[in-house]
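In case you want the letters, here they are:
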Amino acid sequence: MDEIERRRIECLLESTEEDDLLGGFSSDDNDENTPTYEPHDQNTDTEQSMSSTSSIGNISNESDSEYSYHESDDDLPISMRRKFFIGKDWTKWNRKPNVRVRIANSNKVTEKSGVKLLAKSAKTILECWMLFFSNEMLEHIVKMTNIYIDKVRPNYNRERDASETCVREIKALLGILYTIGAIKCNHRSTEDLWKIDGCGVDILACVMSEHRFRFLLRCIRFDDIRGRDVRKKIDNMTHIRHIFDLFVNNCKNTYTVSEYCTIDEKLQSFRGHCSFRVYMPNKPAKYGLKMFALVDSINYYTLNIELYAGKQPDGPFLVDNAASCVVKRLANPILNTGRNITFDNWFTSFPLADYLLKNKTTIVGTVRKNKREIPPEFLISKGRDLYSSYFGFSKNKSIVSYKAKSNKIVLIASTMHNDKAIDINTGEKLKPEMITFYNSTKSGVDTMDWMTENYSVARHSARWPLTVFYSLLNIGGLNSMIVYQENTQVKKTRLEFLKSLGRQLMENQLKYRMTISSLPRPLKTRLQNYVTVEREVLPQKLRSSNRCAFCERAKDKKTTKVCTNCIKPICRDHLIEICPDCFTL
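Residues numbered from 1 in each chain as written. Predicted model: local features only at pLDDT ≥ 70, side-chain atom pairs only at ≥ 80, totals over all residues. Heavy atoms only, no water.

### Describing the pattern of salt bridges
Reasoning step 1: Using the criterion set out here, one finds 15 salt bridges in the structure.
Reasoning step 2: Note that Asp 223 is salt-bridged to Arg 231, the shortest N-O span being 2.5 Å.
Reasoning step 3: When its relative accessible area of 6% is taken as the criterion, Asp 223 is described as buried.
Reasoning step 4: Relative accessible area serves as the criterion here: at 27%, Arg 231 is assigned to the partly exposed category.
Reasoning step 5: Through salt bridges that share partners, Asp 223, Arg 228 and Arg 231 make up one connected network. (Salt bridge = Lys/Arg side-chain N within 4 Å of Asp/Glu carboxyl O. Buried < 20%, exposed > 50% of the residue type's maximum accessible area, 1.4 Å probe, protein only.)

### Looking at the packing of aromatic side chains
Reasoning step 1: Taken as a whole, this structure holds 23 aromatic pairs when the rule is applied.
Reasoning step 2: With a centroid separation of 6.3 Å and 90 degrees between ring planes, the pair formed by Trp 129 and Tyr 178 is classed as edge-to-face. In this pair, Trp 129 sits in helix H3 (residues 125-129) while Tyr 178 sits in helix H5 (residues 167-182), placing the two residues 49 residues apart along the sequence.
Reasoning step 3: Trp 129 gets classed as buried once you look at its relative accessible area, which sits at 0%.
Reasoning step 4: On the basis of an interplanar angle of 35 degrees and a centroid distance of 4.9 Å, the ring pair of Trp 194 and Phe 213 is categorised as tilted. With Trp 194 in the loop between helix H6 (190-193) and helix H7 (202-207) and Phe 213 in helix H8 (residues 210-219), this pair connects stretches of sequence that are 19 residues apart. By the burial criterion, Trp 194 is buried, and Phe 213 matches it. (Phe/Tyr/Trp six-rings, centres within 6.5 Å; stacked < 30°, edge-to-face > 60°. Helix = DSSP H or I, 4+ residues; strand = E, 2+ residues; numbered from the N terminus.)

### Concerning unusual backbone geometry
Reasoning step 1: Within the chain, Lys 184 stands out as a residue other than glycine whose phi angle is a positive 55 degrees.
Reasoning step 2: Here Lys 184 lies in the loop between H5 and H6.
Reasoning step 3: Positive phi outside glycine occurs at Tyr 387, with the angle close to 65 degrees.
Reasoning step 4: Looking at Tyr 387, the relative accessible area reads 19%, which means it is buried.

### Things to note about helix H16 (residues 494-514)
Reasoning step 1: Over its 21 residues, H16 extends 30 Å from the first C-alpha to the last, a length consistent with the 30 Å expected when each residue adds 1.5 Å.
Reasoning step 2: The largest bend in H16 comes to about 40 degrees, at Glu 507.
Reasoning step 3: Here H16 has its buried residues at Arg 494, Phe 497, Leu 498, Leu 501, Gly 502, Leu 505, Met 506, Gln 509, Leu 510, Arg 513 and Met 514. (Expected span 1.5 Å × (residues − 1). Bend = angle between axes of the 7 residues up to and from the residue.)

### Considerations on the packing of H5 against H8
Reasoning step 1: Between H5 and H8, the shortest axis-to-axis distance is 11 Å and the interhelical angle comes to 100 degrees. What the angle tells us is that H5 and H8 run roughly perpendicular. When H5 is examined against H8, the residues Glu 169, Leu 173, Ile 176, Leu 177 and Ile 180 are found in contact with a partner set consisting of Arg 212, Phe 213, Leu 216 and Leu 217.
Reasoning step 2: Looking at the contact of H5 with H8 residue by residue, the class counts come to seven nonpolar, no polar and two charged. (Axes fitted to C-alpha atoms, helices over the stretch in contact; angles between N-to-C directions. Parallel < 35°, antiparallel > 145°, perpendicular 65-115°, else oblique. Contact = heavy atoms within 4.5 Å. Nonpolar A, V, L, I, M, F, W, Y, C, P; charged D, E, K, R; others polar.)

### What about helix H4 (residues 135-152)?
Reasoning step 1: Compared with an ideal rise of 1.5 Å per residue, which puts 18 residues at 26 Å, H4 spans 26 Å between its outermost C-alpha atoms and is within 8% of the ideal.
Reasoning step 2: The set of residues buried in H4 consists of Met 137, Leu 138, His 140, Ile 141, Val 142, Met 144, Thr 145, Asn 146, Ile 147, Tyr 148, Ile 149 and Val 152.
Reasoning step 3: Packed against the buried residues of H4 are H3, H5, H8, helix H10 (241-254) and helix H15 (464-488).

### Focus: the environment of Tyr 438
Reasoning step 1: With respect to the helices and strands, the residue Tyr 438 is situated in helix H13 (residues 433-441).
Reasoning step 2: Tyr 438 sits in the buried class, given a relative accessible area of 9%.
Reasoning step 3: Put simply, Tyr 438 and Ser 414 are 24 residues apart on the chain and 9.4 Å apart in space, counted from C-alpha to C-alpha.

### Focus: the environment of Met 291
Reasoning step 1: By the element assignment, Met 291 lies in strand E9 (residues 287-296).
Reasoning step 2: Since its relative accessible area comes to 0%, Met 291 is described here as buried.
Reasoning step 3: Linking Met 291 and Lys 266, residues 25 residues apart in sequence, is a C-alpha distance of 5.3 Å.

### Things to note about the state of the cysteines
Reasoning step 1: All chains considered together, the criterion is met by zero disulfides.
Reasoning step 2: In this structure Cys 571 is a free cysteine whose sulfur lies 3.4 Å from that of Cys 551, the closest cysteine sulfur available.
Reasoning step 3: Relative accessible area serves as the criterion here: at 2%, Cys 571 is assigned to the buried category. (Disulfide = S-S within 2.5 Å.)

### Describing the side chain of Thr 436
Reasoning step 1: Within the secondary structure, Thr 436 sits in helix H13.
Reasoning step 2: Among the polar contacts listed, one links the side chain of Thr 436 to the side chain of Asp 423, at a separation of 3.5 Å.
Reasoning step 3: Those residues in contact with Thr 436, other than ones at most four positions away along the chain, are Asp 423, Thr 426 and Lys 431. (Polar contact = N/O pair within 3.5 Å; in protein donor to acceptor, adjacent residues only side chain to side chain.)

### Side note on the environment of Val 115
Reasoning step 1: Here Val 115 shows up in strand E5 (residues 114-115).
Reasoning step 2: For Val 115, the contacting residues outside a window of four places in its chain are Lys 120, Thr 254, Tyr 255, Val 483, Glu 486 and Asn 487.

### Describing the pairing of strand E15 (residues 408-414)
Reasoning step 1: When you tally the buried positions in E15, you get six out of seven residues, the bulk of the element.
Reasoning step 2: The antiparallel pairing of strand E14 (residues 398-405) with E15 creates a hairpin that spans two residues between the two strands. (Pairing = 2+ DSSP bridges.)

### Section: the nonpolar core
Reasoning step 1: Core analysis: the largest hydrophobic core is formed by 116 residues, its most contacted members being Trp 129, Phe 133, Trp 464 and Leu 473.
Reasoning step 2: Per-element accounting of this core gives the leading share, 13 residues, to H15.
Reasoning step 3: Residue contacts for Leu 473: discarding those within four places in its chain leaves Trp 129, Phe 133, Leu 174, Leu 177, Tyr 178 and Val 457.
Reasoning step 4: Core analysis: the next-biggest nonpolar cluster, separate from the first, contains 13 residues, Val 364, Phe 391, Ile 412 and Tyr 438 among them. (Core = buried A, V, L, I, M, F, W, Y, C linked by side-chain atoms within 4.5 Å.)

Listed below in structure tokens is the structure:
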């Protein structure tokens, strides 16, 4: 028998002897500075403990104890009926909760959830969207894109085929992407989408040509390509760093999340060349770019995102990619606000739980079985009753071992719970409240990911910065809908919201195209279905005598007739007679 096992057995024997002598649990292990409930009126400590636990659901009071337990907890084997359990690293877990320890201050929310003051003035769909994609971001994209267009312009025979873009056109491009995503055609070819045989999307050709759409997607850039090689030496994601950081800051400054949040990873599908592309077999896409997100568990608002960029070079962007460090960075906006974070066993660790609790943030998460703090008894399924629960309590943490199946043990750690409450709604399964709470809050990121992918704007691309930008557009579309509904109290389905957003982003481009005189007449006719441009009424003195717009200036031919469409003066020689049935405008 090795020394460690011998010491552990001695410790267990000592705890059993103490338990027999003391007749139960004592609070000697508590620090003298630990806050306790003060007795009210003339109640004794025992009476106060009884009253403080009697309000907890599904807990029956034992006549010979001041603590409350569920009956199933007394089904422990006799060998385990001792004062506390011992982990492999000598962590002590009391079998009975210390109800005198007060942890309630950790869940006192100090910030009210909802839209922040600066964002409450946004009342239209477009205004809410621009809270996340500001003019500063759009102007930066236009500037970087034009730099790249200048570089590739010599490759085109005609200069107009590689003309520079502007904010109006970039917004129209994004509007097209949202529209295509809303009708779930993001994987259809542009040739099919721009068809005019009735099988395409008519409004797309009215906004811009297929050739221009494809050209802008090829040329859109988010950083200055001229100094990229130098910046890559200190930052792997320099291609989109500026836009990514601005978007994340806008998410933080726009909305305050509720008291329950979720941290998890999401995978943006990508199979092109990228040094930090990952393989995740449990995700539908398998290959892609991994992101970590902090999401509201109630309305699925995304507050914070971090892109996994692999091992960064030495410099200001070098960060630790360990799970606990990722959680600390993501949770930084909500520390000291009394909120709870739920995450899975990849993130859960007891040192992390202590760190967050010191910053008034509680956690609930599944625990991997290889953690040395877990007592070995909690890992054994053989000989245990089905749906039985073993509880362990320390000064500020709780763990539960629940036998969900004949050969499956579920481990949950929590700094939010400090009792053995069983959820009666689970019936004969007798699930502890810690587990049902975890199940109700664990899917925040997964639900957000499903909602964004359901109407995704992402098109096939071999450029990872564009794939990341697609993901930001998807998240921004969901966040802006949450802000819009809270500001206006108008409920819209996600489909209606995205279609309206795409239309509002394209509106200025549609109006601009109506002013292009060289635009083909059939296209102008179709444009009138989507935008109304008030025709200018000429003053009467101009109507009385004006030079024909189609005659040579030397003729100086005056006329009083004007075109009913463009209001240009036109003489009888250039007047085309047409019957009302053939008139299309």
